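# Observations on the model geometry
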Amino acid sequence: MKKIIINGNQPLTGEVTISGAKNSAVALIPAAILAEDIVTLEGVPDIQDVHSLMEILEIMGVKTEFSDNRLTIDSREMVSIPMPSGKINSLRASYYFMGALLGRFGEGVVGLPGGCYLGPRPINLHIKGFEALGAKVTNEQGAIYLRGENLTGAQIFMDMVSIGATINVMLAAVKAKGTTIIENAAREPEIIDVATLLNNMGAKVRGAGTDMIRIEGVEKLHGTHHQMIPDRIEAGTYLSMAAACGKGVKVKNVIYEHLDSFLAKLKEMGVELDISEDEIFVHEAKNLKAVTIRTVPYPGFATDLQQPITPLLLKAQGTSEVIDTIYPQRINHVPELARMGGDIAVEGNTIVTCGHENLQLSGAEVMASDLRAGACLVVAGLMAHGTTTIHNVEYILRGYDHIIEKIKALGGDIKMVEE
């Protein structure tokens, strides 16, 4: 078991470069097997989730090579076999193999997905979409069995906005006969990224980024090269970190339009930002103001960013509130911040912080309960006086590429050790 040790209260300065989007990578990699050819993905983050997906692919006969953030996927000799339950249980995004296997083989066996627990996240929308395309889906001994050799395009209305279900239905539909229309589709940049890859492979996907996606089925997809987008959640994490304990930090490789709602909140708090085409400079933040944050589907404030920004709210004068309408149970970071001396509590469905400019968090032994809670504790540890030890760091390594090296380069006193 690994742990992260941070000696905090060290000012951060310099530059940090954002890696490729984790939430794109975990969908692009399963999507690549639809090509029955060689697909090369550029800018892939070196994170545990990527390596877990590679292991799953290799078990199914797919050849992979990963070096310098370039991942080559050769699925020409791939076979459809039940996916290994151990890897499935550790990785929620493995559910994208459901749509990919349906599209590739007309069948698939996928264990029920795991990953960070953030409250109930049912896959009924995914199954509804597959069944609308003509697949038969059954739950047998804890695994999802998918059978649908002759998928046919359909009009599918998503009962709620779901990134996962939107992408999964896209993957299943690209080779289905006829036209598929997904209504009330999610609009996240990662969905556009997946649609771009599919189109580069020969698919006909239109409308990605809007709430209606139209897919004309094709018989075959071919190999391609694809440059994935930078990670807006990693960018938001480092922007929060820079505002919380930076004395001038430049965050590079950013698509600022993907962060409009987040940047608006930083500005509302009084954080001074210099925004250019693909980088953002964060000035030393002083006299911060309290704000109210409500997470909603894109282009609203991302649920994945409410935890990384929460330590910064503790430095804002007055009472701030965070209402997560997507995952209301995303609150496990609250008692850990309180353990470090933060004036923070959960009241009903709202996280309430009472902040002040001269806040002094104290280092403590804390536990990462999920990926973004872990990022929150890294930010808090960098802010705190004394030593913070973070356990369960495997969660953090699932989604942050070279986080120790990046923070060290900014001047942070941070290291990872084996327990």
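In what follows, the structure referred to is the one given above.
Criteria and thresholds
- Residues numbered from 1 in each chain as written.
- Predicted model: local features only at pLDDT ≥ 70, side-chain atom pairs only at ≥ 80, totals over all residues.
- Heavy atoms only, no water.
- Helix = DSSP H or I, 4+ residues; strand = E, 2+ residues; numbered from the N terminus.
- Rg over C-alpha atoms; globule rule 2.2 N^0.38 Å.
- Buried < 20%, exposed > 50% of the residue type's maximum accessible area, 1.4 Å probe, protein only.
- Contact = heavy atoms within 4.5 Å.
- Lys, Arg positive; Asp, Glu negative; His and termini not counted.
- Salt bridge = Lys/Arg side-chain N within 4 Å of Asp/Glu carboxyl O.
- Polar contact = N/O pair within 3.5 Å; in protein donor to acceptor, adjacent residues only side chain to side chain.
- Axes fitted to C-alpha atoms, helices over the stretch in contact; angles between N-to-C directions.
- Parallel < 35°, antiparallel > 145°, perpendicular 65-115°, else oblique.
- Nonpolar A, V, L, I, M, F, W, Y, C, P; charged D, E, K, R; others polar.
- Pairing = 2+ DSSP bridges.
- Disulfide = S-S within 2.5 Å.
- Phe/Tyr/Trp six-rings, centres within 6.5 Å; stacked < 30°, edge-to-face > 60°.

### Focus on the overall build of the chain
- Across its full length, the chain carries 14 helices and 23 strands.
- Taken against the 2.2 N^0.38 rule, which gives 22 Å for 419 residues, the C-alpha radius of gyration of the chain at 21 Å falls within 12% of a compact globule.
- The principal-axis extents of the C-alpha atoms in the chain amount to approximately 65 × 45 × 40 Å.
- Relative to its 419 residues, the chain shows a buried fraction of 57%.
- Partitioning the contacts of the chain with sequence separation of at least 6, the portion at a separation of at least 24 is 73%.

### Brief notes about the side chain of Asp-370
- Mapped onto the elements, Asp-370 comes out in the loop between β21 (365–367) and α12 (371–383).
- Salt bridges are absent for the buried Asp-370, whose nearest opposite-charge side chain, Arg-330, sits at 4.8 Å.
- A distance of 3.4 Å separates polar atoms of two side chains, one belonging to Asp-370 and the other to Ser-369.

### With respect to the packing of helix α6 (residues 163–173) against helix α7 (residues 189–200)
- Where α6 contacts α7, the axes come no closer than 10 Å and their chain directions differ by 10°. The orientation of α6 relative to α7 falls into the category roughly parallel. Contact residues: Ile-163, Thr-166, Ile-167, Met-170 and Leu-171 in α6; Ile-191, Val-194, Ala-195 and Leu-198 in α7.
- Of the residues belonging to the contact of α6 with α7, the class tally is eight nonpolar, one polar and no charged.

### So, the sheet that holds strand β11 (residues 204–206)
- Across the sheet, which stays open at both edges, the four strands sit in the order β9-β10-β12-β11 with mixed pairing between neighbours. Strands with a single pairing partner mark the edges of an open sheet, and in this sheet they are β9 (155–157) and β11. Adjacent strand axes in the sheet meet at a mean angle of 15° when their direction is disregarded.
- In terms of strand pairing, β9 meets strand β10 (residues 179–183) through three bridges, oriented parallel. Each residue of the ladder has a partner; that of Gln-155, found in β10, is Ile-181.

### Some points on the side chain of Lys-265
- Inspection of the secondary structure assignment puts Lys-265 in helix α9 (residues 260–269).
- With sequence-adjacent residues up to four places away left out, Lys-265 is seen in contact with Val-291, Thr-292, Ile-293 and Phe-301.

### As for the state of the cysteines
- In this structure the tally under the stated criterion is zero disulfides.
- Left unpaired, Cys-245 is separated from the closest cysteine sulfur, that of Cys-376, by 12 Å.
- Cysteine Cys-354 is unpaired, with the sulfur of Cys-376 as its nearest cysteine sulfur at 16 Å.

### Section: helix α10 (residues 306–313)
- Burial of α10 is extensive: eight of the eight residues sit out of reach of the surface.
- Within α10 the residues assigned to the buried category are Gln-306, Gln-307, Pro-308, Ile-309, Thr-310, Pro-311, Leu-312 and Leu-313.

### Considerations on the packing of aromatic side chains
- Counted by the stated rule, this structure contains two aromatic pairs.
- Taken together, a centroid distance of 4.9 Å and an interplanar angle of 80° make the contact between Tyr-95 and Tyr-96 edge-to-face.
- Tyr-96 sits in the buried class, given a relative accessible area of 5%.
- With 5.7 Å between their ring centres and 45° between their planes, Phe-262 and Phe-301 make a pair best called tilted. With Phe-262 in helix α9 and Phe-301 in the loop between β17 (292–295) and α10, this pair connects stretches of sequence that are 39 residues apart.
- Phe-301 sits in the buried class, given a relative accessible area of 5%.

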